[in-house]
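Commentary on secondary and tertiary structure
These are the residues of each chain, in order.
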Amino acid sequence: MDFPDLGLPLAGGGTVSRADLVGRPWIVYLSRHLGCSVCQRHLRHAVETKTAIRAAGADLLVVLPTSPGRAEAWQQSNNARDVKVIGDQDCVLYCALDIGRGTPRKLLLDPQSWREAARELLHGRFPTKHRGADGFQLGADMVLDAKGRIAFIHRPSTAADRVPVEQLLTYV
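Residues numbered from 1 in each chain as written. Predicted model: local features only at pLDDT ≥ 70, side-chain atom pairs only at ≥ 80, totals over all residues. Heavy atoms only, no water.

1. Here we look at the sheet that holds strand β3 (residues 26-30)
In spatial order, the strands read β5-β4-β3-β6-β7; together these five strands make up an open sheet with mixed pairing. Strands with a single pairing partner mark the edges of an open sheet, and in this sheet they are β5 (84-87) and β7 (150-154). Between one strand axis and the next, the sheet turns by 15° as a mean value, whatever way the strands run. Here β3 runs beside strand β4 (residues 59-64); their pairing, made up of five bridges, is parallel. If you follow Val28 over to β4, its bridge partner there is Leu61. Helix α1 (residues 37-48) contacts β3, β4 and β6 (140-144) of the sheet and is inclined by roughly 155° relative to β4. Running at roughly 145° to β5, helix α3 (residues 68-77) makes contact with β4 and β5 of the sheet. (Pairing = 2+ DSSP bridges. Helix = DSSP H or I, 4+ residues; strand = E, 2+ residues; numbered from the N terminus. Axes fitted to C-alpha atoms, helices over the stretch in contact; angles between N-to-C directions. Contact = heavy atoms within 4.5 Å.)

2. A word on the pattern of salt bridges
Within this structure, the stated rule accounts for seven salt bridges. Residue Arg18 pairs with Asp2 through a salt bridge whose shortest N-O separation is 3.2 Å. Of the two residues, Arg18 sits in the loop between β2 (15-16) and β3 while Asp2 sits in the segment before β1 (8-9), which places them 16 residues apart along the sequence. The partner of Asp82 in a salt bridge is Lys50, with the nearest N and O atoms 2.8 Å apart. (Salt bridge = Lys/Arg side-chain N within 4 Å of Asp/Glu carboxyl O.)

3. Here we look at the side chain of Arg162
Mapped onto the secondary structure, Arg162 falls in the loop between β7 and α7 (165-168). According to the relative accessible area criterion, Arg162 is buried, its value standing at 13%. Polar contacts involving the side chain of Arg162 include one to the side chain of Asp141, which spans 2.8 Å. If we skip the residues at most four places from it in the chain, Arg162 touches Tyr29, Leu30, Ser31, Arg32, Cys39, His42, Gly139, Ala140, Asp141, His154 and Pro156. (Buried < 20%, exposed > 50% of the residue type's maximum accessible area, 1.4 Å probe, protein only. Polar contact = N/O pair within 3.5 Å; in protein donor to acceptor, adjacent residues only side chain to side chain.)

Without other data, these values stay purely geometric and don't point to any function.
Quick look at the structure:
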């Protein structure tokens, strides 16, 4: 399956299309809302391992369901200035990839998500609610091959159901 060719807005200006992603593999993280502490931990880990991602011949693309301006603020505050970050405020890519929305039961009653959220709180990282954020929008973990095709995609059902970078690198 080809990655959708949508011309999505980059943090800091400009757009990124499928053609911009051809030529090398990409680890792609579609995040839930910026207030999800479990998702933010997952994204921080991806950014922290960008050297390993690049050593494997791939690169990192982060997609946030927020405005390009908020995506840029996230990029600056998370040491991700050299990472492509998309602000997909209308969840166009999420819809094109059939990334669903979670149910209150799955998202609010998942024990693993609660454990991971508690771990974040213990480390002093508190969730913040962003106005207009869809708290039920799910994320996804994906690998694109060098031709812009989706080599692997994982559509989680809960906040904690994410694929670690190290496992995604096995698909590069």
